[in-house]
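Reading the structure
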Amino acid sequence: MIKNVLRRIYGAVPYKQNAFEMLRHLHLPQSIYKHLHFKGDITIQSAFGSFKMRHHGYKVENELFWSGVGNSWEGNSLELWSRLCKNHDDICDIGANTGVYALIAQTVNKEANVHAFEPVERVYLKLAQNIAMNEYLIVPVEMAASNFDGTATIHDTGSEHIYSVTVNK
């Protein structure tokens, strides 16, 4: 009960994003910034350039906002992904979620044909919004990708945002 009240109070605090933009340059430790969520449009820095995305108050956007690409969430994977995307013409982001990997691919390689697959409609809409914010030519595909032809039932938690779904019960 107290936790919910504190969340509502925190949610009502104005100008969080402006304050956090100033604090971001202090390089706060993750133990602190992981609690400093907000909602709004942000710019994510990487070694290969920057891209915009909508921060919905979720963990991934929050870590990328505070630390940039390669310094926190999936840091090693994102660095490797960036290097791999640099010299390829066709790139697929399977299970794209809100599009971090697809956005990095297009940031690194403006000429690449990038396709981002996301089967969950409410998450797909966030992916499409992030692509539009950057005016990238990424092709969003509201569909799952597999090595099998056919259809399957996706089991989803139904929560506002998810990081994975499955076809297994």
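Above this note sits the structure.
One structure accompanies this document, and this report is about it. Predicted, not measured: the structure shown is a model, and the values here were computed from it. (Residues numbered from 1 in each chain as written. Predicted model: local features only at pLDDT ≥ 70, side-chain atom pairs only at ≥ 80, totals over all residues. Heavy atoms only, no water.)

Residues Phe51, Leu64, Leu78, Val100, Ile104 and Ile138 are the most contacted members of the largest nonpolar core, which totals 34 residues. Residue contributions to this core peak at 7 residues, all from helix 6 (residues 100–108). If sequence neighbours within four positions are ignored, Ile104 has contacts with Phe51, Val69, Leu78, Trp81 and Ser82. (Core = buried A, V, L, I, M, F, W, Y, C linked by side-chain atoms within 4.5 Å. Buried < 20%, exposed > 50% of the residue type's maximum accessible area, 1.4 Å probe, protein only. Helix = DSSP H or I, 4+ residues; strand = E, 2+ residues; numbered from the N terminus. Contact = heavy atoms within 4.5 Å.)

Turning our attention to the sheet that holds strand 4 (residues 113–117). The strand order across the open sheet formed by 3 strands is 3-4-5, and the pairing between neighbours is parallel. Since the sheet does not close on itself, it has two edges, and those belong to strand 3 (90–94) and strand 5 (139–141), each with one partner. Ignoring strand direction, the axes of neighbouring strands in this sheet form an average angle of 20 degrees. In this sheet, strand 5 lies alongside strand 4 in parallel orientation, the contact comprising 3 bridges. Looking at strand 5, one finds that Phe117 is bridged to Val141. (Pairing = 2+ DSSP bridges. Axes fitted to C-alpha atoms, helices over the stretch in contact; angles between N-to-C directions.)

Turning next to the packing of aromatic side chains. Overall, the coordinates contain 6 aromatic pairs when judged by the stated rule. Site record: aromatic cluster; members linked through ring pairs are Phe20, Tyr33, Phe38, Phe65 and Trp66. Taking the ring centre of Tyr10 as reference, the NZ or CZ of Lys16 above it sits at 4.6 Å. (Phe/Tyr/Trp six-rings, centres within 6.5 Å; stacked < 30°, edge-to-face > 60°. Lys NZ or Arg CZ within 6 Å of the ring centre and 35° of its normal.)

With a phi close to 55 degrees, His27 is a non-glycine residue in the positive phi region. With respect to the helices and strands, His27 occurs in the loop between helix 2 (16–23) and helix 3 (30–33). Relative accessible area serves as the criterion here: at 65%, His27 is assigned to the exposed category.

The next thing to look at is the side chain of Glu63. Tracing the sequence through the fold places Glu63 in helix 4 (residues 59–67). Buried charge without a salt bridge: Glu63, with Lys59 as the nearest opposite-charge side chain at an N-O distance of 4.2 Å. Residue contacts for Glu63: discarding those within four places in its chain leaves Gln30, Tyr33, Gly68, Ser72 and Trp73. (Lys, Arg positive; Asp, Glu negative; His and termini not counted. Salt bridge = Lys/Arg side-chain N within 4 Å of Asp/Glu carboxyl O.)

What follows covers the pairing of strand 4. In this structure, strand 3 lies alongside strand 4, joined through 5 bridges in parallel fashion. The residue of strand 4 that forms the bridge with Ile94 is Phe117. A crossover links strand 3 with its parallel partner strand 4, the connecting element being helix 6, and its sense is right-handed. (Right-handed = clockwise from strand over helix to strand, strands pointing away.)

Time to look at helix 7 (residues 121–134). Residues three or four positions apart in an α-helix share a direction because the helix packs 3.6 residues into each turn. Between its first and last C-alpha atoms helix 7 spans 20 Å; for 14 residues at 1.5 Å apiece the expected length is 20 Å, and the two agree. Val123, Tyr124, Lys126, Leu127, Asn130, Ile131, Met133 and Asn134 are the residues of helix 7 that are buried. Residues of helix 7 that are buried make contact with strand 1 (40–46), strand 2 (49–55), helix 6, strand 4 and strand 5. Backbone geometry just downstream of helix 7 places Glu135 in the positive-phi region, at approximately 55 degrees. (Expected span 1.5 Å × (residues − 1).)

As a further point, take the pattern of salt bridges. If you walk through the whole model with that rule in mind, you get 2 salt bridges. Between Glu21 and Arg24 there is a salt bridge; the shortest N-O distance is 3.0 Å. Classification of Arg24 by relative accessible area gives buried; the value is 14%. With its nearest N and O atoms 2.2 Å apart, the salt bridge here joins Arg54 to Asp41. With a gap of 13 residues between them, Arg54 in strand 2 and Asp41 in strand 1 connect regions that are remote in the sequence. Residue Arg54 is classed as partly exposed on the basis of its relative accessible area, which comes to 24%. Given a relative accessible area of 39%, Asp41 falls into the partly exposed group.

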